[in-house]
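# Working through the structure, step by step
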Amino acid sequence: MVILVYVVSLALSFATAFTGARFRPDAWYQTLRKPRGTPPSWVFPVVWTSLYILMAVAAARVWLLPASELRTIALVLYGLQLASNAAWSWIFFGQRRMLLAWADLTLLLALVLATTLCFLRLELLAGILLLPYVLWLGVAFYLNGSVWWLNRGLPHSSEQRRKL
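Residues numbered from 1 in each chain as written. Predicted model: local features only at pLDDT ≥ 70, side-chain atom pairs only at ≥ 80, totals over all residues. Heavy atoms only, no water.

## Some points on the pattern of salt bridges
One side chain can pair with another of opposite charge once the charged atoms of both are near each other. Stated precisely, the cut-off is as follows: One side-chain nitrogen of Lys or Arg within 4 Å of one carboxyl oxygen of Asp or Glu is enough to make a salt bridge. Each helix corresponds to a stretch of at least 4 residues labelled H or I by DSSP, and each strand to a stretch of at least 2 residues labelled E; elements are numbered beginning at the N terminus.
Tallied over the entire structure, the rule returns 2 salt bridges. The partner of D26 in a salt bridge is R96, and the shortest N-O contact between them spans 3.0 Å. Here R96 lies in the loop between α4 (69–94) and α5 (98–122) and D26 lies in the loop between α1 (2–21) and α2 (27–31), a separation of 70 residues in the sequence. Here E123 makes a salt bridge to R61, at a shortest N to O gap of 2.7 Å. Residue E123 is located in the loop between α5 and α6 (124–150), and its partner R61 is located in helix α3 (residues 43–63); the two are separated by 62 residues in the primary sequence.

## As for α3
The test is simple: For a helix, the expected span equals 1.5 Å multiplied by the number of residues minus one. Here the term buried applies to any residue with accessible area under 20% of the maximum for its type, exposed to any over 50%, and partly exposed to those in between, with areas from a 1.4 Å probe on protein chains only. Residue contacts are counted whenever heavy atoms from the two residues lie within 4.5 Å of one another.
Taking 1.5 Å of rise per residue, 21 residues should cover 30 Å, and α3 covers 30 Å from first to last C-alpha, within 8% of that figure. When we look at burial in α3, the residues that qualify are V43, W48, L51, Y52, M55, A56, A58, A59, A60 and V62. Close packing links the buried residues of α3 with α1, α4, α5 and α6.

## Observations regarding unusual backbone geometry
Backbone geometry places R96, a non-glycine residue, at a positive phi of 60°. Owing to a relative accessible area of 15%, R96 belongs among the buried residues under this scheme.

Below, the structure is given as structure tokens:
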């Protein structure tokens with residue numbers, strides 16, 4: 001049972017990662033102005049892979065705890081943040097909607113903070129495992145907001161992309 005919970009949790013985490021990986025930086029993204037401190041391209045898959053593993057382990061640990069109202073809330077929040085996480089790449093890279101992606105990232109950060117607080121209350125280690133995710137989302141928030149600000153006059157909608 002325990003191994004199955006970890007396998008399912010990893011599968012959910014990597015399904016989220018796979019969904020996001022379908023929409024990658026392309027030529028459009030390469031033309032955008034980027035803020036200082038933007039990491040090199042190779043950093044993103046390394047960091048995200050690590051984060052998805054940590055997230056899956058944390059969620060599995062919480063799932064294995066005795067049923068409670070807080071555990072249910074924590075796992076619902078976790079599921080919602082996975083959905084928001086999966087949506088970001090599609091919004092930013094797929095739809096080229098930088099501001100909408102930033103709004104999604106704001107929601108994602110709020111959901112992850114709430115999830116982390118619940119996980120911390122349920123099991124200290126599970127909450128600690130999410131802290132690198134919270135920190136990276138802070139970096140992502142800065143990068144997404146800065147890229148939008150630096151490029152806010154550029155066309156970004158599907159209709160405008162066809163004209164480029």
